[in-house]
Amino acid sequence: MTRLMAVSALAVAGMAGTAGAEVIKVGVICPTSGPYAIYGKQFSEAVEAYQAIHGTEIDGNEIEFIYRDSGGVNPDQARSLAQELIIREGVEYLAGFTFTPNALAVAQIIDQSETPAVIFNAATSIITQESEFFVRPSFTLWQVSAPMAEWAHEQGITEVVTAVTDYGPGIDAETGFKAAFEAAGGTVVDSIRMPLDTTDFAPFMQRVRDEAPDAVFAFLPAGPSTFAFVKAYNENDLRGAGIEFLGTGETDETTLDSLGDAALGLRTSYHYSPAHESPENEEFIGKLMELHPDAVPNFASVQAYDGAHVIYEMIRAAGTDGPAAIEAVKGLEWTSPRGPVSIDPETRHITQNVYIREVAKDDEGNLINREFETIEAVPDLGLVNDY
Ligand code: PHB
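The name that an unreviewed UniProt entry assigns to the chain is ABC transporter substrate-binding protein, with the source organism given as Pelagovum pacificum. The annotation that UniProt attaches to the chain under Sequence similarities (unreviewed entry) is "Belongs to the leucine-binding protein family."

The following block contains the structure:
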């Protein structure tokens, strides 16, 4: 037998042993370095927890997640990573996308290659309109900001200044809050847009103080800037000046402890708190902490965990047939660790409960986002709304 024949015989024998089985690859584009590297850690740990609970195989095929580093807001990098993953790595699904501009940058590629892309975070409403191949089990700023506006008005807050980061999700937060607040009878007295690279928030706090509204409503991409913003709110004593804090992800658990007791009482409107009490949340957090004792469950982890679920359900229904996978996901319902959810067949976006929360202490004295009011089954109000 020649060497070549021997190698071929081995290859055939190897294939016979795994008849029909293949590796189905999912390419995850997210920050794994730089100031937003925490998102890569949250995503990969949560996907790992999902696979530990549900197995790594579907119908005998191994599901493999491959991670690529997008850094921060970097659409060119996201586009070339998507190309590399689809063409060179042969991934059948894409996932991840922390930042809106990075998600928007791959719309054309996923359309051309018919690759479903499951958004683990990026939260500007328009994204899902840019390609039929986007599915979003995360949230949008419209979805959480409009309910906050209505709730705030019910509390007697009538004048608000909005302060948002000046790009897609910030503008959606500002627009969504204002539309719902004014529909309820309130007034937005000023709309501040802050550059993405802002590190010193004191001048913005001074401007809010001077305007003396009942509250400031904020959106910043969760991470170092949300921490700095809340710190500046405390240090400039806006609360002492009678200006309430209203936010979305600004009291994220990964930075909550560093804010300390000054964070107590801050109110936010969001789709998940790890303090949510349910068997599904207990299972998720239990597995996550077992695998990674240093993990801090937060919105990014539950979004990736549910994203893995969506990918598994698409593969179960349609294997690697992209268009069939997208059809299969429309109307999907399940109980997430965050509560009951479904994928709206019209928008391919998650319909979910929105919770009004307050930073409080649990029985052990840890700071948590305590949910105290639930607005049920909210769709992406940026695409489906009555304002
Ligand atoms: C986004 O760019 O869409 C984005 C990033 C971080 C967030 C929310 C939205 O916390």
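Visitor: I keep staring at the domain arrangement of the chain and nothing clicks. Help me out?
Guide: How big an interface is tends to be stated in terms of accessible area lost as the parts join. Per the domain assignment, the segments of the chain are domain 1 (3-139 + 277-348) and domain 2 (141-270 + 354-378). Taken over C-alpha atoms, the centre of domain 1 sits 30 Å from the centre of domain 2. In this complex, domain 1 contributes 19 residues to the contact, which on the side of domain 2 involves 19 residues. Taken as a group, Tyr36, Phe139 and Phe299 account for 35% of the area that domain 1 buries against domain 2, more than any other trio of residues on that side. Where domain 1 touches domain 2, the interface holds zero salt bridges.

Visitor: Where do I start with the UniProt feature "domain: Leucine-binding protein" (unreviewed entry) in the chain in this structure?
Guide: Annotation from UniProt places "domain: Leucine-binding protein" (unreviewed entry) at residues 24-362. A helix fraction of 42% and a strand fraction of 22% characterise residues 24-362, whose end C-alpha atoms lie 42 Å from each other.

Visitor: Please explain the site of the ligand as it appears in this structure.
Guide: Around the ligand, the surrounding shell consists of Tyr39, Thr98, Phe99, Thr100, Asn121, Ala122, Ala123, Tyr167, Pro169, Phe219, Pro221 and Ala222. Within the side chain of Thr100, an N or O atom sits 2.6 Å from an oxygen atom of the ligand. Contact distances for the ligand include 2.7 Å between an oxygen atom and a side-chain N or O atom of Tyr167. Isolated, the ligand exposes 280 Å² of accessible area, and the fraction of that covered by the protein chains is 99%.

Visitor: Looking at this model, I keep getting lost on the pattern of salt bridges. Mind explaining?
Guide: Throughout the structure, instances matching the rule amount to 19 salt bridges. Put simply, Lys330 and Glu327 hold a salt bridge, and the shortest N to O gap is 3.0 Å. Where salt bridges share partners, they join Lys25, Arg68, Glu84 and Glu89 into one cluster.

Visitor: Just to check I follow, could you spell out the pairing of strand β9 (residues 215-219) for this structure?
Guide: Across a regular strand the side chains alternate sides, sitting on one face of the sheet and then on the other. Of all five residues in β9, five are buried; the element is thus mostly enclosed. Residues of β9 alternate between two faces, with Ala215, Phe217 and Phe219 on one and Val216 and Ala218 on the opposite face, all of them buried. Pairing between strand β7 (residues 159-165) and β9: five bridges, direction parallel. Bridging across to β9, Val161 finds its partner in Val216. Here β9 runs beside strand β10 (residues 244-247); their pairing, made up of three bridges, is parallel. Pairing of Ala215 across the sheet is with Glu244, part of β10. Regarding the hand of the β-α-β motif, the stretch spanning β9, helix α9 (residues 224-235) and β10 is right-handed.

Quick notes on the rules
- Residues numbered from 1 in each chain as written.
- Predicted model: local features only at pLDDT ≥ 70, side-chain atom pairs only at ≥ 80, totals over all residues.
- Heavy atoms only, no water.
- UniProt positions renumbered as here; feature names shortened; annotations may be inferred.
- Domains from an automatic or database assignment.
- Contact = heavy atoms within 4.5 Å.
- Buried area = accessible area lost by both parts, 1.4 Å probe.
- Salt bridge = Lys/Arg side-chain N within 4 Å of Asp/Glu carboxyl O.
- Helix = DSSP H or I, 4+ residues; strand = E, 2+ residues; numbered from the N terminus.
- Near = heavy atom within 4 Å.
- Polar contact = N/O pair within 3.5 Å; in protein donor to acceptor, adjacent residues only side chain to side chain.
- Areas by Shrake-Rupley, 256 points an atom, 1.4 Å probe, with all protein chains shown as cover.
- Buried < 20%, exposed > 50% of the residue type's maximum accessible area, 1.4 Å probe, protein only.
- Pairing = 2+ DSSP bridges.
- Right-handed = clockwise from strand over helix to strand, strands pointing away.

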